[in-house]
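Working through the structure, step by step
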Amino acid sequence: MHGRAPERATLRGLLAGAGERGSALLLRGPAGIGKSTLVDEARATAIELGFRVLTCAGVQRESSAGLAGLQQLLHVVVDRADRLPDRQRAALHSVFGLGPGTSPDQLVLSVAVLGLLEDLAQEQPLLLIVEDVQWMDRPTANLIGFVGRRVRDTAIVMLVTCRSDSVDPITELGLPELPIGRLTEHDATGLLAELDPGMRREVRDRVLDEAEGNPLALVELSRGLTERGLHDTAALPARLPLSARLENAFADQVARLPLPAQDLLLLAAAGDAVTLTELGKAAHLLGIDAPEQQLGQAQAAELVRRAGDELTFRHPLIRSAIYGAASFPRRIAAHRALAEVFAGDPERSAWHRAAGTVGRDEAVARDLAEAAGLARARGALGGAMRYLERAAELSPAPHLQGRRLARAADAARQSGLPDAARRLVAAAQKVADPLVQADLAITESYLALYVGTAGLDIGRLIESARRAAPVDPDIAASLLLFASIRCRQESPGTATGDRILEGLRELGLPGDDPRMTMATAYLAPAAHAEQLITAVRAATRDLLTLPPPWASGLATASESLYEWVLAGACWTASAEGYRRAGALADLAGVQIQQARNLLVRGRLADAALVADEARRHGADLGLPLIIAATEVLTAQLAAWRGDETKTTGPFPADRADLRFHLSWAHGLAALSAGRHPEALDELLLAAGHPDLGPLAVADLTEAACRAGDPEQAAPLVDAVEDRTRPFRSGLLRMLIERSRGLLAGDDRAEEHYRAALGMPDTATEFPLQIARTRLVYGEWLRRQRRITAARDELAAAATAFDLAGAGPWADRARSELRAAGVTAGTPAKPLAAQLTPQEMQIARLAADGRTNKEIADQLFLSHRTVGAHLYRIFPKLGITSRAALPGAIADLR
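As a starting point, this report considers the structure included with it. Treat the numbers as computed from the prediction; the structure is a model and nothing was measured.

1. A short note on helix 31 (residues 624-641)
Between its first and last C-alpha atoms helix 31 spans 25 Å; for 18 residues at 1.5 Å apiece the expected length is 26 Å, and the two agree. Here helix 31 lies mainly inside the structure; 14 of its 18 residues are buried. Of the residues trailing helix 31, glycine 642 is marked for its positive phi of about 80 degrees.

The following block contains the structure:
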């Protein structure tokens, strides 16, 4: 290869260093620039060095089919999946049709692939080659990015090639890139001299100009001149875009073959990963005589290569040139022949039947819809989306067209393709069928919840439910429940809630359906508090049997009633249900709420673990709203712990709940740092939320008193007490009594503080709020010169803050203790405090006796990643064995 010395050295360096560090690299450049040649050289070098090589390539006209690239990459090693954790093994087997269809989540499948590749790399170094990722099916491309970002601690080198003219977000894999540019004039001239030493100067200059430093163009343009006997510039074709010129050059070569050989190549171009055996059968159906002889002519023309029963094109542009140059009737015939050959594979057969169909055909559309069901069952949601979209194009009836587009949109959402989901929703909106509109409303609502896209406004959700109710009351109820959630998040306390509740009552839901209870708790909790608390407790008697969506709905209902402990149990049940199902987007959404619940209850370490896992899932699945919510959670944790943090935002303007939590976090941080006027401003914003505001009332009161402006707080405390009187919440009673103590004169303060500390169950369930009450009570006692009593309260507060990791608050308590005459040093942090949240989560599970594979299944990690974490955890804890873990982390459990 002329030139490319730096690029070749880079690839050799990656291969040479694989024993110490894995790597992934994206080679980006225009068609024909030499990416494939560099990769072929790397392949040869890797084989010499003892690497195992696995390859796959994108195919231009099949880019929407699901997981075709993954099957191509792993088909020769999938039998090694037996060593994976159970859930991951089942996911991989399902995709390859080796076990029952489990419809695995994309992240579960990604972790399974990573685990399999890590296992293989333990035996010998591994080179993964992924060519033309811009044409790869989207689920495989996402998976490639996932694996490529995690190979650093493995003996894996991944090389990915991509056309530089592709602007599809599919090519944004988050991998380091090596741009492959044009050859220098010197190198291009040298290559052309090698190809045709006798070329006349004016022809050579024109070819150099036309080729623009592109090696493939130099080869093919000079080959075309030689084969056609052209020796002067007048006979050269008019200038075209380079990729078109290359395709024309390849099409020219194909056109010089006999027609039967051209038809054989067309079959290969139309079929994805078609074997030579299958190609022979299709050739027979098309009446192609002596296919072996025709194939030999194509090989002699250097258009294709064969290896065993496989056939590959010398360059991807050859495939597109063959398909593009063929007449429409010839393409139709090729696809129909392939459909017959693949009759035993319902998915491939239906796909080719569809490609060979002109106009609308319900029978073919129905076959494609059934193929979509098969694809969904094995976890190929991207493939299901494409099948359904094509089925809609073939559907004669508008209502079937709309329903298939709606199902395609939901498959796109579940497979992590929000842009495709929105496009399909827009296409299906043209169909007036009420069930189609209801399905679309649910898809848009999920996108709004997790991705942060603008969903239907609440009024349109209500209207969609009204139209669906006569046809399907169940889907209407689900829509109204979504509307009630949105109403609580975005505009709580408005009259819209009455419309939602009236709509649910009109549906006449069965008595054991908890959706009426949920929605009433979301929208009108104070009006029916006693009845709702009884109903929620009855509905949650057996949490293990509740479907995860209902468990999370009842968790939100419990929080609306300020039953935080019951809500925490419901969130845990819902999270475990989604975890068992492998529904990672839903799990991440529930974990946001679970972490908030843990924060309210003062369990900072647990909240950090849950929030960190939600953040990882949000990043892996591309869920920006989940990531934004974890940033807010991080800010809230930092306000207690005193960590430096910065929220990047921006956050959706219609999410009142996010605005509340962020204002509360900023206010608490400012209060802890002594910036009292700033704290008061932030906490006044937080207190404006009608449902969540009462949680911040004591912080607001303290900020107002310390800022010298208690009049700001007094009416708000009265309003909170009036609004929350129907509820039984010990937490709210404690916060209100603490606020009263801060506002009261010296003759009344103590009775309020003691009342706050005497609330039943709050000491065990809300230890940080009890500590906060002890802190202000101890400060008051010291000011009253009741030093002994002050020391007791302040010491208890400092101990509670230290146990929870609330550093700034513990420092404040110790400062007050010193002022009370007690020497109070800062206790040493336990070694376990050095662990990251993910390391702590792994350490806890290992301490409970879980194996690496069981932990991997629980946390959606590869089992070797779990082992690597434990390898780093042991020295941090000063231990050398798994048996010592329980004692080493006991203080942080």
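2. Quick look at unusual backbone geometry
At tyrosine 562, a residue that is not glycine, the phi angle is positive and equals roughly 65 degrees. Along the chain, tyrosine 562 turns up in the loop between helix 27 (548-560) and helix 28 (564-581). A residue is classified by how much of its surface remains accessible, and tyrosine 562, at 7% relative accessible area, is buried.

3. Here we look at the pattern of salt bridges
Opposite charge on two side chains permits them to pair, given that their charged atoms come into close proximity. According to the stated counting rule, one finds 50 salt bridges in the structure shown. For arginine 844, the salt bridge identified is with aspartate 606, shortest N-O distance 2.5 Å. Of this pair, arginine 844 sits in helix 42 (residues 837-847) while aspartate 606 sits in helix 30 (residues 604-621), and the two are 238 residues apart along the sequence. Judged by relative accessible area, which is 14%, arginine 844 ranks as buried. The partner of arginine 772 in a salt bridge is glutamate 702, with the nearest N and O atoms 3.2 Å apart. Of the two residues, arginine 772 sits in helix 39 (residues 767-783) while glutamate 702 sits in helix 34 (residues 697-706), which places them 70 residues apart along the sequence. Grouping residues by exposure puts arginine 772 and glutamate 702 together as buried. Among the charged side chains, a network of salt bridges with common partners joins Asp699, Glu702, Arg706, Arg772, Glu779 and Arg812.

4. Some points on the nonpolar core
Burial of nonpolar side chains together is a common tendency in soluble globular proteins. Leu74, Leu92, Leu117 and Phe801 are the most contacted members of the largest nonpolar core, which totals 215 residues. Here the element with the most residues in this core is helix 5 (residues 106-123); it accounts for eleven residues. Setting aside residues up to four positions removed in sequence, leucine 92 forms contacts with Leu74, Val78, Ala81, Leu84, Leu109, Ala112, Val113 and Leu116. Counting 38 residues, the second-largest nonpolar core is a separate cluster that includes Ala31, Ala261, Ala298 and Tyr323.

5. Regarding the packing of aromatic side chains
Describing an aromatic ring pair means giving the distance of the ring centres and the angle of the ring planes. Evaluated as defined, the whole model comprises nine aromatic pairs. Between the aromatic rings of tyrosine 562 and phenylalanine 727, the centroid separation amounts to 5.1 Å while the plane-to-plane angle is 70 degrees, which identifies the pairing as edge-to-face. Taken together, the residues span a long stretch of sequence, with tyrosine 562 in the loop between helix 27 and helix 28 and phenylalanine 727 in the loop between helix 35 (714-724) and helix 36 (730-743) at a distance of 165 residues. Judged on exposure class, the residue tyrosine 562 and its partner phenylalanine 727 are both buried. Ring geometry for tryptophan 640 and tryptophan 809: centres 5.8 Å apart, planes at 50 degrees, overall tilted. Residue tryptophan 640 is located in helix 31, and its partner tryptophan 809 is located in helix 41 (residues 807-819); the two are separated by 169 residues in the primary sequence. Note on accessibility: tryptophan 640 and tryptophan 809 belong to one class, buried. The rings of Trp640, Phe801 and Trp809 are connected pair by pair, giving a single aromatic cluster. A cation over an aromatic ring shows up here: arginine 348 above the ring of phenylalanine 342, its NZ or CZ 3.9 Å from the ring centre.

6. Description of the side chain of glutamate 613
Position of glutamate 613 relative to the elements: it lies in helix 30. The exposure class of glutamate 613 is buried, given its relative accessible area of 1%. At 2.9 Å, the side chain of glutamate 613 forms a polar contact with the side chain of histidine 617. Sequence-distant contacts of glutamate 613, that is, excluding residues within four places in its chain, are made with Arg579, Leu587, Gln591, Gln841, Gln858, Leu859 and Phe860.

Rules and cut-offs
- Residues numbered from 1 in each chain as written.
- Predicted model: local features only at pLDDT ≥ 70, side-chain atom pairs only at ≥ 80, totals over all residues.
- Heavy atoms only, no water.
- Helix = DSSP H or I, 4+ residues; strand = E, 2+ residues; numbered from the N terminus.
- Expected span 1.5 Å × (residues − 1).
- Buried < 20%, exposed > 50% of the residue type's maximum accessible area, 1.4 Å probe, protein only.
- Salt bridge = Lys/Arg side-chain N within 4 Å of Asp/Glu carboxyl O.
- Core = buried A, V, L, I, M, F, W, Y, C linked by side-chain atoms within 4.5 Å.
- Contact = heavy atoms within 4.5 Å.
- Phe/Tyr/Trp six-rings, centres within 6.5 Å; stacked < 30°, edge-to-face > 60°.
- Lys NZ or Arg CZ within 6 Å of the ring centre and 35° of its normal.
- Polar contact = N/O pair within 3.5 Å; in protein donor to acceptor, adjacent residues only side chain to side chain.

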